[in-house]
Structures are given as structure tokens and as C-alpha cells.
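# Structural features, examined
Residues per chain are reported as follows:
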Amino acid sequence: MDANWIAIAASVLLQSSPLIIAVCGETLSERAGVVNLSLDGSLLLSALAGFVAAYFSSSLLLGFLAAAGVGALMALIVAFGSLALRQSQVAVGFVLTLLGDSLSAFLGQNFTRLPGPWVQRLPIPLLKDIPVLGPIFFNQDLVVYFSLVLVAVTTWWIFHTRPGLELRSAGERPEAAFARGVAVRRLRYWYAVLGGALVGIAGAAYSLDVKIGWAEGHTRGLGWIALAIVIFGGWSPLRGALGVLLFVATRSVISVVLQRSLGESSVVILNALPWLLMLGVLVVVGGRFSEQVLSRLPAALQRPFRGLLRAAPPAALGAELKEG
Amino acid sequence: MSRPAWLPRLWPLLPSFVALLLTSLLLLAFGASPPLAFGAIWEGAFGNQDRLLTTVAFWIPLMLSSLGLLISFRAGLWNIGIEGQFILGAIGASWVALSLQLPAPLQISLQMLAAMAAGALWAGLAGVLKRWGVHEIFGGLALNNLAIILTNYLIAGPWQPPEGGSFRGTAPFHADALLPLVGATRFSVVALGLALLAFGLVVLALRNSAWGLRLKALGRNPRSALLLGVSSRRETLLAMAFCGALAGLGGAVRVLSWFDSLRQSISGGIGYLALMVVILAAFRLLWTPLVAFFFAAVLSGSVVLQLRTQLHSSLGNILTGVLVLLVLLFGNLDSLRAWWAEWRAGRRRS
């Protein structure tokens, strides 16, 4: 394998890590039935918080903790607004997204383009010497390792443990889960806050690792991409992570190809690409279009392909909870 | 327990006051005096006749977009794509302005029609995507970003001014393409007339027409609306298209009076601001113009605040954002009481 492509693969994995963390967090929250639409604003505000905390304390750990706290707080507001005060999750999340965006611009006005600390690379001995796989997977930093472990742990937790079963039941049939003794409301609070904390860590992963530093609108738009990838991933962390990798890899490959033909139009294509990808992917998993394609396939192939393409949200996602 | 009838109506003033307090704390943290800051906003919005007219000029496109959202929300649609529909309106108007030269009334009417068509088209696209299973929030958001990219492409490419200065906008439109302005302000009487006319029509359509009733049925309960013979497909597309047309008209007003050419940040978030207006007005028809006017005053007054204190211009957005959030969360006395009762019941149980 060409060394150049290995370097690109390693950089794709690095670039993907914050989005993977955010997708895992949002998947947990949505599996419990809470849509945290504040993701884009959360990411911005936590990226700033992480940078500022690490900048003043020179401690990366404090940076990540501060960011996780900000993300958790944003998610708590969404959860409180919908679970306690019965307001629309979408409305609260959307207002929070805009507020997070303008707050990050205002609070971060004196921190733009300052040199700050960043996460150092941490090669794993022995493993890093494996040909091809070593330089891609084991010559990275802690954020990348964390994102990969997180995918494994959340997948196992959601689909193979008893608490995971309760989590899914809270999102699918909350009334039935409640009747069986699951404290649905409390569970939704916990997973929303946990998911928000992970989104916060993702924000700090940008400002301290992948896109080091702070500038106004530092991660603008990426939160929406993450929300779309949760849908594409069919509310599974593993499929979501693959979606992130696919997304980042497509962008990298196309930017490499376009660099050879520099021009005005290639910049336009590169900027428009994430949004075109988002629309295309959502149309494919959305139903009507892929159903038309699927219905032309031989019957024996329809089922597996439908499983691969279609994705259904948790049945009670965003719905009001009637408990007790 | 009995309570006076005025209490639930005046209750939202309390969270509004808290929002003002929180913003003051933020100002203090940045070393600015809140009375001076709010005074600067007030002066910037209403200080003299020109400033008042400028505030109204800012209000008009915001108002048109908010009116559009009243229609789409009535049909139960979250039209986040309004920002892109606004931008497409500006592009549509610019296209006619740059390619035709007709007598002013004809020219301006054509520009407005092109803007409404472009906005409706962009909204219709979000409607079609919804039919294909893409929620209007995601479809709209992607279309917003594509609209911004399209603007930048047009400015840097085909519509680049002849001198070759490709940085911020197209060449200024010819005089017959622009709306006549009052004095040295950006206020246009024609635009104000259009906004008031649009308000009247939207109120009539939503309150007194069978179409308004169908939209309401669709928004409240799509399933029973279907049983009553309301086609969700047709009404969804229509509601989106009308909203897009009004936002597009707003974009045209913006590009033909506030500016005189197509610029990079032609909207500057007016579409998103309109969403905030309508959420704060709780989707009520008569409150919408008032809330929109308050937002216009805060944001147009923030310009003076920025000049005086050197603080970042997003302060106006923070004030409005905190206000909408707190009123949304705590502005409904009934839901607060329900939560309080539930909480006490929960404590007694454990």
C-alpha cells in the first residue's frame, strides 16, 4: 500500500474521532427518547470551554472536563424542558443551538487564534509496528483511541446488556417499560446528560486536537452533520461510526482529487459536498426512494438490503412521556 | 385555588425580566455597564428619526419571514430552511436586477416576483425531500448551507463585478432596480406597504379561509386530517411554498433596500431570527409583528452598542436568545404548576 494512502487513512481516522464521539453520545440520548437538537451549539460552546480551560490551567484533562460539563448542561436543559416542563424538544434544542452559537462568539472574542495546548500523539509500542494497520490505528493520540473504544463499549452496552435493554425500551415503549418497573424519566435524564457530556468531549476534541485553537464559528455545521449521521447509522453506534468514517473519507479523497485541478469550481464542490452527501444519504435511508429501488430487486435480496439501507427511529423519540 | 385571569397573561414578563438580568451579568463580566449598554441599544434603535426608520427597515424582511413561518408552523412544519429561502429570494431578485433594464415599477415588480418564485422553489425542494423521508429540519438545513455556497459562487464567478474585485459582492444594481428610499435611511415605503399587505393576507388566510382550517387540521393531527380528506402531500407543499415565497420577498426587500447588491452574508441570520420571533410569539398572529419589531430594535440598536463599547455584535443575539429560551421554558404558568404538583407527588411517594 502506498505510504501516501496510509497517511490519508490515519488522518481520516483522526479527523473522524470528534464526530464519532458526538454520534455515540447523541445515539445514547436518542435511544432513550431525547433528541438533543442543541448539538451544533453545544459543540461550539464546549469547544470554546475546553480551549479556555486548558489555556488557563495548562491541563488538557481540565479542558476536556470543562467541555464535558458544558455539553452535559446543555443536554440537561433540553431534558428538563421536555421531561419536566413538557415543552417541545425540537424548539428548546433549536433555541439552544442558536444561543450556543452566539454565546461562543461573544465569550470567545478574546481567545481567537491564540496558541494553546494540544493532545500529543501516543504510539502504542509493538502494535504500531504492524504493517499498514500499525500506522493507521496505533500511531494516534488518546482521543482517537477513546473514540474507538467508545464505539465498542456503547454498542455492547446498548445491544448486549440488561441496562441497554431498559434503555432501548424507554425509547421504544416507555409506558410498557414503566409498567415493568423501569424509571423511564430518570433514565432519560441520565442518558441525555451522558450523551451531552460526550458531545462536550467531542467539542474539546476539536479545539484541543483535530482543529487546534479557537475562532468564531470554529465547528459550525458539524453538529448538524453529526445529527444526520445518527439517523444514517440507524441509531447504532457502530453503523454511525462507519457513517462518520465514510463521510470524512469521501471528503478527503475528493479534496485530494480536486487539488490536482485547482479552480473556482472545485472549491464550490468541496464546500457543497457535506450538505449534498447529507441530503443524498438521508434520502437513501429515508424510505420512499429506496423502497422504489428495493422493490425491483429479487424478493430474496429485498430483506437483507432493506436491513442495510433503511433505518427506523426509536418509536417514542421526542414524544411526550406519560408516567405515573 | 383561584387565580386572577391576568396572571397567566402577564406571567411571561417574569422570565423576560430574568433574561434581562442574566444579560446584564454578562455585560458586567465584560466590564460594561448594563444601563449604559441598554441605553445605547435604545438610542441606536429609536434615538432619532433616521434610526427609527432604520429599525423599521430591518423589521420589514424579518416580519415577512415570520409571517411565512406562521403558515408553515400552522401546518405543523419546522421550516428551518427559511434562511435559505430568504437567500434564494435575494438571489432571484439580483438575477433580474443584473439582467434586465425596464422602467422602475415593472422592473421592481418583476424582481419581487422572481424572488418569491425562487424562495418558493427552495421551500418546495424541502417539501419534496420531506416526501422522500428527509425531515424538513435536515433538508432545510442542508439547503440553507447550499444557498450560502451558491451566493458565494455567484459573487466570485458569473456575477463578479467587471473591475474584477471579487471579494464581497456584485456590482451595485442600476437605479431603477432599487427600491426608492426615504432620505439617507434604508427605509422604503413600498416595502412597508408590502409587509402590511402580507400581514393582512396571512391573517385572513389563516383565520377566515377553508385553507387555513385545513392547515390547522394537518398541524394538529395529521392522521385525522387525512380521514377528513385533507391531503397532507398537497397542503404540506403549499404551506412550504407560501412560506418560501414570503421569505423570498423578504430577501428581495433586503437586497433592494438595505443593500444595493448581492453580498456574501446577504441574510445574516434573519431567517433563523424569524424562527425565534415566532417561537417567542407562541405562533400567535397578532403578537408576531410586535415581537419582530422588538427583535429588530434590539439588533439594529446593537450596532450603536458595538460602536460605543467595542463588544462583540452577537450581544443582541444573546439577549434575544436567552429571552426566547427562558420564556419557552418558564413562560407557561400551567405547565409550571403541573411540574410543581408532579414534583411534590414524587417526593411524597419516596
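Right above here is the structure, for reference.
Presented here is an overview of the structure given in this document. Computed from a prediction, not measured in an experiment: that's the story for all the values here.

Regarding its fold elements, chain A presents 14 helices and zero strands. Moving toward the C terminus, one meets the helices and strands of chain A in the order α-α-α-α-α-α-α-α-α-α-α-α-α-α. For chain A, whose C-alpha radius of gyration is 20 Å, the value lies close to the compact-globule estimate of 20 Å for 324 residues. With the C-alpha coordinates aligned to their principal axes, the bounding extent of chain A is approximately 55 × 55 × 45 Å.

To continue, consider the nonpolar core. One finds A:Phe94, B:Ile60, B:Trp78, B:Ile80, B:Phe138, B:Leu275 and B:Phe295 to be the most contacted residues of the largest nonpolar core, which totals 191 residues. A:Phe94 has contacts with A:Leu37, B:Trp78, B:Ile80, B:Tyr272, B:Leu275 and B:Ile279, leaving out every residue within four places of it along the chain.

The next subject is the interface of chain B and chain A. Contacts between the two partners involve 43 residues from chain B and, on the opposite side, 42 residues from chain A. When chain B packs against chain A, the two sides together hide about 3900 Å² of surface, and 81% of this comes from carbon and sulfur. With a shortest N-O distance of 3.3 Å, A:Arg185 and B:Glu342 are connected by a salt bridge. Counting across the interface, chain B meets chain A through seven residue pairs in polar contact (both at pLDDT 80 or more). When residues in the side of chain B that touches chain A are grouped by element, the largest group, eleven residues, is from helix α7 (residues 136-156) of chain B. Class assignment of the residues belonging to the side of chain B that touches chain A gives a composition of 31 nonpolar, ten polar and two charged.

Tallied over the entire structure, the rule returns ten salt bridges over all chains. A salt bridge links B:Glu235 to B:Arg214, with the nearest nitrogen and oxygen atoms 2.9 Å apart. In this pair, B:Glu235 sits in helix α11 (residues 232-258) while B:Arg214 sits in helix α9 (residues 210-220), placing the two residues 21 residues apart along the sequence. B:Arg214 gets classed as partly exposed once you look at its relative accessible area, which sits at 28%. When its relative accessible area of 1% is taken as the criterion, B:Glu235 is described as buried. When salt bridges that share partners are traced, they join A:Arg86, A:Arg185 and B:Glu342 into one network.

A few words on helix α7 (residues 162-172) of chain A. Because the α-helix completes a turn every 3.6 residues, residues three or four places apart line up on one side. All names here are of chain A. The set of residues buried in α7 consists of Gly-164, Leu-167, Ala-170 and Gly-171. The arc that holds every buried residue of α7, seen down its axis, measures 120°, which confines them to one face. Where α7 is buried, its residues touch α1 (3-31), α6 (142-160), α8 (174-179) and α9 (184-210). Near the N-terminus of α7, the side chain that reaches the backbone nitrogen of Gly-164, with its oxygen 3.0 Å away, is that of Thr-161.

Let us look at the environment of B:Thr288. Residues and elements named next belong to chain B. Mapped onto the secondary structure, Thr-288 falls in helix α13 (residues 287-309). What makes Thr-288 buried here is its relative accessible area of 0%. Remark: the alpha-carbon pair of Thr-288 and Leu-311, spanning 23 residues in sequence, is separated by 29 Å. Among the polar contacts made by the side chain of Thr-288, one reaches the main-chain carbonyl oxygen of Arg-284 at a distance of 2.7 Å.

What follows covers the packing of aromatic side chains. Overall, the coordinates contain 20 aromatic pairs over all chains when judged by the stated rule. Taken together, a centroid distance of 6.3 Å and an interplanar angle of 80° make the contact between A:Tyr55 and A:Phe111 edge-to-face. Placement of A:Tyr55 in helix α2 (residues 39-57) and of A:Phe111 in the loop between α4 (89-107) and α5 (133-137) is noted, with a sequence separation of 56 residues between them. Under the relative-accessibility criterion, A:Tyr55 is labelled partly exposed at 32%. With 6.1 Å between their ring centres and 75° between their planes, B:Trp59 and B:Phe293 make a pair best called edge-to-face. Of this pair, B:Trp59 sits in helix α4 (residues 49-74) while B:Phe293 sits in helix α13, and the two are 234 residues apart along the sequence. Taken together, A:Phe94, B:Phe73, B:Trp78, B:Tyr272 and B:Phe283 form an aromatic cluster joined through their ring pairs.

Here is what the cut-offs are and how they apply
For every chain, the first residue of the written sequence is number 1, and numbering continues from 1 onward in sequence order. Going through the entries in the order they are written, you letter the chains from A and number the ligands from 1. Selection of residues for local features in this predicted model requires a pLDDT of at least 70, selection of side-chain atom pairs for listing and counting requires 80 or more, and totals for whole chains, interfaces and linings are taken over all residues. Excluding hydrogens and water, the side-chain figures rest on all heavy atoms present in the structure. A run of DSSP states H or I qualifies as a helix once it reaches four residues; a run of E qualifies as a strand once it reaches two. Both are numbered from the N-terminal end. To get the radius of gyration, use the C-alpha atoms; to get the globule rule, take the number of residues to the power 0.38 and multiply by 2.2 Å. Buried residues of nine kinds, namely Ala, Val, Leu, Ile, Met, Phe, Trp, Tyr and Cys, make up a nonpolar core once their side-chain atoms join them within 4.5 Å. To sort residues, take the accessible area from a 1.4 Å probe on protein chains only and compare it with the maximum for the residue type: under 20% means buried, over 50% means exposed, and anything in between is partly exposed. By definition, residues are in contact when any of their heavy atoms lie within 4.5 Å. By buried area we mean how much accessible surface two parts lose on assembly, using a 1.4 Å probe and totalling the loss over both. A pairing counts as a salt bridge when a side-chain nitrogen of Lys or Arg comes within 4 Å of a carboxyl oxygen of Asp or Glu. Pairs of N or O atoms are called polar contacts if they sit within 3.5 Å, as long as, within protein, a hydrogen donor faces a hydrogen acceptor (for residues adjacent in sequence, only side-chain-to-side-chain pairs). Following the grouping adopted for this structure description, the nonpolar residues are Ala, Val, Leu, Ile, Met, Phe, Trp, Tyr, Cys and Pro, the charged ones are Asp, Glu, Lys and Arg, and the polar ones are all others, Gly among them. When we speak of the arc, we mean the arc of directions from the helix axis to the C-beta atoms. Planes of paired rings set the category: under 30 degrees apart is stacked, over 60 is edge-to-face and the rest tilted, where pairs are Phe, Tyr or Trp rings (Trp by its six-membered ring) whose centres lie within 6.5 Å.

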